[in-house]
Amino acid sequence: MKSLIGAAVGALCVATPALAETPAAIVEDVQGKVDGIAFMDYVAPGKIIKLGPKASITLSYLKSCQRETISEGVVLVGAEQSTVQLGEVKREKVPCDTNAAKLSEREANQSAATTFRTMRSDAKGAPAKLPTLYGSAPLVQAKSGSTLVIERTDGKEPAITVPLKTETMIGGKFYDFAKAGKSLTPGGSYLAILGAKRYAFQIDAGATSSPTPIVGRLLRLE
């Protein structure tokens, strides 16, 4: 088995050009022996992951919204999906919005009022769709030690203030509203306020607070 995996790794290395270290996917689950990879790690295109016997990993791709559960073998991370040798992969397309996964700095640096107004219309003034989360309990990536405030912009609702303490965050960088028992209103529009930055987004009307794929409710603020 080791010789087969070694051969597979060699073949993948030869076939893989140098790629930028931009995250392509997030590790949603790890079972068994998987060296160098942990829950909620980001992985870039070109990353090779070796899965031991009976080991498995779940990757959620940020661009393609592909969610893969891979058992054993060797995994080559791609831009939109993985290449798997000597193992099995099950894929499903899940609801996600790449604009919600990583808001632009232009949006982040605007004032609250300007951000909301800009995100509600395109260059011609026509209504534009806000970045959308498909779970009502966001998973927010932000720097620990700061304070996150979530304000509703299309209706009256108490603001949610969250001190981002290291001990309450996954890996010191992710705050999970689901784990904290908090959720937003399906169909609502919101601003995430982090220091001087403002991020506009909305919750899909069909969103629920039940467990949903990470990539569909991920809001990367840092």
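Residues numbered from 1 in each chain as written. Predicted model: local features only at pLDDT ≥ 70, side-chain atom pairs only at ≥ 80, totals over all residues. Heavy atoms only, no water.

**Some thoughts on the packing of aromatic side chains**
Tallied over the full model, the rule gives three aromatic pairs. Measuring from ring centre to ring centre gives 6.0 Å for Tyr42 and Phe174, while their planes differ by 50°; the resulting arrangement is tilted. Of the two residues, Tyr42 is situated in strand S2 (residues 42-43) and Phe174 in strand S11 (residues 174-176); the sequence distance between them amounts to 132 residues. Here Phe174 falls in the buried class, since its relative accessible area comes to 0%. Relative to Phe201, the ring of Tyr190 lies with its centre 5.9 Å away and its plane at 20°, an arrangement referred to as stacked. Here Tyr190 is found in strand S12 (residues 189-194), whereas its partner Phe201 is found in strand S13 (residues 197-203), with 11 residues between them in sequence. In this structure, Tyr190 and Phe201 share a single accessibility class: buried. Between Arg220 and the ring centre of Tyr42, over which it is positioned, the NZ or CZ distance is 4.6 Å. (Phe/Tyr/Trp six-rings, centres within 6.5 Å; stacked < 30°, edge-to-face > 60°. Helix = DSSP H or I, 4+ residues; strand = E, 2+ residues; numbered from the N terminus. Buried < 20%, exposed > 50% of the residue type's maximum accessible area, 1.4 Å probe, protein only. Lys NZ or Arg CZ within 6 Å of the ring centre and 35° of its normal.)

**Notes on unusual backbone geometry**
Of note, the phi angle at Lys54 is positive, near 65°, even though the residue is not glycine. Examined against the element boundaries, Lys54 turns out to sit in strand S3 (residues 48-61). Its identity is not glycine, yet Leu86 carries a phi of approximately 65°, on the positive side. Tracing the chain through its elements places Leu86 in the loop between strand S5 (83-85) and strand S6 (88-93).

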